[in-house]
Amino acid sequence: MNARRWSAALATVLTTGALLTGCTRTIEGRAVPEGVGGGTGAEFTRLLTECDAVADEKIAEAVGADYVYRGFFGAICRWDGEGPTGVVKVTFNWFETGSLDHERAAAEGLGYEIENTTIEGRRALQMRRPGDPLSCGVSSGASTTGIFGWWVQYTSGGADPCEAAATLARLTLNLSS
């Protein structure tokens, strides 16, 4: 065997050995299917239906609008409506791994006025922007995991945005249990 063939054969053997050695390494831990993230997968059971937690007609009724129409749907869901109190904007969020403590910290960082409250027996937060009596948000623990929140903002006076947000939160807990 000439030197060139001998070098090529040796290089092939060494490369194959290196690959096999790399593929036989033991990794500690438990294998889980892709996308599960190490949990049971149950925390994201409503991922594509979150924005349907309360029917559009019920949202309109809760905020005193004649109707609402769906705007943006994604991580945050938005509706716009109109009625006797004028234009109203409604926002819904559901964070499957969120906590009320995190919501409180975020609201405090924004300088919001925060009150502890309960919705359907669950701990909740009511939040207002300083100097903005026409908007209010309510966040509560979800019936499964994480938290959800509703934010109601009127463009002219008339209705209580905190009561509307609390009503939407009650409807969410009643419908998602």
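Here, every reference points to the structure presented above.
Criteria and cut-off values
- Residues numbered from 1 in each chain as written.
- Predicted model: local features only at pLDDT ≥ 70, side-chain atom pairs only at ≥ 80, totals over all residues.
- Heavy atoms only, no water.
- Helix = DSSP H or I, 4+ residues; strand = E, 2+ residues; numbered from the N terminus.
- Buried < 20%, exposed > 50% of the residue type's maximum accessible area, 1.4 Å probe, protein only.
- Areas by Shrake-Rupley, 256 points an atom, 1.4 Å probe, with all protein chains shown as cover.
- Pairing = 2+ DSSP bridges.
- Disulfide = S-S within 2.5 Å.

### Some remarks on the overall build of the protein chain
Then, number 1: Summing up its helical and strand segments, the protein chain has 4 helices and 7 strands in all.
Then, number 2: Sequence-ordered secondary structure for the protein chain, helices as α and strands as β, is α-α-β-β-β-α-β-β-β-β-α.
Then, number 3: Among the 177 residues that make up the protein chain, the fraction classed as buried is 34%.
Then, number 4: Of the accessible surface of the protein chain, which amounts to about 10,700 Å², a share of 56% is contributed by carbon and sulfur atoms.

### As for unusual backbone geometry
Then, number 1: Within the chain, glutamate 120 stands out as a residue other than glycine whose phi angle is a positive 50°.
Then, number 2: What makes glutamate 120 partly exposed here is its relative accessible area of 45%.

### As for the pairing of strand 2 (residues 76–83)
Then, number 1: Pairing geometry for strand 1 (residues 67–73) and strand 2, over 5 bridges, is antiparallel. From the neighbouring strand, tyrosine 67 faces strand 2, where its bridge partner is glutamate 82.
Then, number 2: Of the strand pairs in this sheet, strand 2 and strand 3 (residues 86–95) are connected by 8 bridges, and their pairing is antiparallel. Of the residues in strand 3, the one forming a bridge with cysteine 77 is phenylalanine 92.

### Structural notes on the state of the cysteines
Then, number 1: What the rule picks out here adds up to 2 disulfides.
Then, number 2: The disulfide that involves cysteine 51 links it to cysteine 77, with 1.8 Å between the sulfurs. Torsion about the S-S bond of the cysteine 51 and cysteine 77 cystine: about -70°, corresponding to left-handed handedness. Here cysteine 51, found in the loop between helix 1 (3–23) and helix 2 (56–63), pairs with cysteine 77, found in strand 2; they are 26 residues apart in sequence, far enough to count as distant. Per residue, the accessibility class of cysteine 51 equals that of cysteine 77, and both read buried.
Then, number 3: Cysteine pairing for the protein chain, with bonded cysteines counted in sequence order: 1-2, 3-4.

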